[in-house]
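Commentary on secondary and tertiary structure
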Amino acid sequence: MTTAILSALPEEQASLVARLERAQRLTHAGRSFWRGEMCERPVVLALSGIGKVAAATTATALIEHFGVARIVFTGVAGGLGDGVNVGDVVVAQAFLQHDMDASPLFPRWELPGYARTRLDCDAHLSTLLRDAARNCLSGAGRLPGLDDGAHRVHHGLVASGDRFVSSAQEARQLREGLGLAGHNALAVEMEGAAVAQVCLDYAIPFAAIRTISDRADDTAHVDFAHFVQTVASRYAEHMVRGLMQTL
Ligand code: ADE
């Protein structure tokens, strides 16, 4: 049973590739994939690219071409919810596309043809990811690179869309608009909902973990770049290895 580990950016994937055993690089659909083993279990590492379409193509290739049995996304996100701070981790319970709007034909944020707004993640995989994240952020698992302080593991809704959210005003509008409709989004990113939708189409378990790199505010682009270069990859590696040991 092969597990796909999907990251958005090469910087986020670097430590995973470095620790891959029996690594073999393959090209398909204009993308690089790494086949190998992690903790003696078969994996394929892939880059989703940035944005929903690139992520959907990669997820489809992983399922159709590489025959993976489940997909785990690891990457960074902007914190939207109260108390979701840089260095915290969000394990997604569900995703929605915050830029989906086929109103008035369909209710705002509903996926036409799917009769739903939210795409749930696999509960079992998500529980394993939460355990791995807690282990990473506490005690022995703790990695250098973040300011000292108690970083938390959150579990909840993540909003995806083809926008890098980089102003406090936009973040507030997004949070409040979704919140008024009962969607309490903890974080925002650009790929997860697309991968979740492909996994729903193929009935493949999907789970995602996002370390908070910025607060989606006016300094988001600076915080994001710094975080991705200094911390994200090592956190991803640590949490993914923790997960693989329990699969
Ligand atoms: N990924 C990380 N930070 C983000 C942000 N502020 N907006 C969208 N995607 C992100």
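For the structure given in this document, a descriptive report is provided here. Bear in mind that the values here come from a model prediction, so they are computed numbers and not experimental data.

**Some points on the packing of helix α2 (residues 52-64) against helix α5 (residues 192-202)**
Running from N to C, α2 and α5 cross one another at 35°; their axes reach a closest spacing of 8 Å. Viewed along their axes, α2 and α5 form a crossing whose handedness is right-handed. Packed against α2, whose contacting residues are Lys52, Ala55, Ala56, Ala59, Thr60, Ile63 and Glu64, the element α5 presents Ala194, Val195, Val198 and Tyr202 at the interface. Per-class residue counts for the contact of α2 with α5 are eight nonpolar, one polar and two charged.

**Section: the pattern of salt bridges**
Applying the stated criterion across every chain yields a total of 10 salt bridges. Of the charged contacts in the structure, one is a salt bridge between glutamate 237 and arginine 19, with a shortest N-O distance of 3.0 Å. Residue glutamate 237 is located in helix α6 (residues 220-246), and its partner arginine 19 is located in the loop between α1 (10-18) and β2 (21-28); the two are separated by 218 residues in the primary sequence. For glutamate 237, a relative accessible area of 13% puts it in the buried group. A salt bridge links glutamate 191 to arginine 210, with the shortest nitrogen-to-oxygen separation between them at 2.9 Å. Separated by 19 residues along the polypeptide, glutamate 191 in the loop between β9 (185-189) and α5 and arginine 210 in strand β10 (residues 206-214) bring together distant segments of the chain. Taken individually, glutamate 191 and arginine 210 each receive the classification buried, so the pair is uniform in this respect. Connected through salt bridges with shared partners, the residues Arg19, Glu237 and Arg241 form a single ionic network.

**Some details on the site of the ligand**
Near the ligand, the surroundings consist of 13 residues, among which Gly78, Phe164, Val165, Glu189 and Asp214 are the closest. Within the backbone of valine 165, a nitrogen or oxygen atom sits 2.8 Å from a nitrogen atom of the ligand. Summarising the interface, the protein chains cover 97% of the accessible area of the ligand, which totals 260 Å² for the free molecule. Looking at the shell around the ligand, the elements with two or more residues in it are β5 (70-79), β9 and β10. Here the element with the most residues in the shell around the ligand is β5; it accounts for three residues. Of the residues belonging to the shell around the ligand, the class tally is eight nonpolar, two polar and three charged.

**Some details on the packing of aromatic side chains**
Summed over the entire model, instances satisfying the criterion amount to three aromatic pairs. Aromatic side chains phenylalanine 33 and phenylalanine 66 sit 4.5 Å apart centroid to centroid with 35° between the ring planes, which places their arrangement in the tilted category. Of this pair, phenylalanine 33 sits in strand β3 (residues 31-38) while phenylalanine 66 sits in the loop between α2 and β5, placing them 33 residues apart in sequence. A single burial state applies to phenylalanine 33 and to phenylalanine 66, both of which are buried. Ring centres 5.8 Å apart and planes at 35° place the aromatic pair phenylalanine 95 and phenylalanine 206 in the tilted group. Of the two residues, phenylalanine 95 is situated in strand β6 (residues 89-97) and phenylalanine 206 in strand β10; the sequence distance between them amounts to 111 residues.

**Things to note about helix α3 (residues 123-137)**
An α-helical segment advances 3.6 residues per turn. Residues three or four places apart therefore align on the same side. For α3, built from 15 residues, the straight-helix expectation of 21 Å at 1.5 Å per residue is met to within 8% by its first-to-last C-alpha distance of 21 Å. When we look at burial in α3, the residues that qualify are Leu125, Ser126, Leu128, Leu129, Ala132, Ala133, Cys136 and Leu137. Along the axis of α3, the buried positions cluster into a sector of 165°, meaning they face one direction only. Counted as exposed and oriented over 90 degrees from the buried face of α3: Ala123, His124 and Asn135. Residues of α3 that are buried in the fold lie against β5, β6, β8 (153-160), β10 and α6.

**Topic: the packing of α3 against α6**
Between α3 and α6, the least distance of the axes is 8 Å, while the angle of their chain directions is 130°. Between α3 and α6, the angle falls in the class oblique. Remark: the crossing between α3 and α6 carries right-handed chirality. Listed contacts from α6 to Leu125, Leu128, Leu129, Ala132, Ala133, Cys136 and Leu137 of α3 are Tyr235, His238, Met239, Gly242, Leu243 and Thr246. Its residues assigned to classes, the contact of α3 with α6 comprises 10 nonpolar, three polar and no charged.

Each value, and the rule that gives it
- Residues numbered from 1 in each chain as written.
- Predicted model: local features only at pLDDT ≥ 70, side-chain atom pairs only at ≥ 80, totals over all residues.
- Heavy atoms only, no water.
- Axes fitted to C-alpha atoms, helices over the stretch in contact; angles between N-to-C directions.
- Helix = DSSP H or I, 4+ residues; strand = E, 2+ residues; numbered from the N terminus.
- Left-handed = near helix turned anticlockwise from the far one by under 90°.
- Contact = heavy atoms within 4.5 Å.
- Nonpolar A, V, L, I, M, F, W, Y, C, P; charged D, E, K, R; others polar.
- Salt bridge = Lys/Arg side-chain N within 4 Å of Asp/Glu carboxyl O.
- Buried < 20%, exposed > 50% of the residue type's maximum accessible area, 1.4 Å probe, protein only.
- Near = heavy atom within 4 Å.
- Polar contact = N/O pair within 3.5 Å; in protein donor to acceptor, adjacent residues only side chain to side chain.
- Areas by Shrake-Rupley, 256 points an atom, 1.4 Å probe, with all protein chains shown as cover.
- Phe/Tyr/Trp six-rings, centres within 6.5 Å; stacked < 30°, edge-to-face > 60°.
- Expected span 1.5 Å × (residues − 1).
- Arc of directions from axis to C-beta.
- Parallel < 35°, antiparallel > 145°, perpendicular 65-115°, else oblique.

Just distances and angles here, no functional claims.
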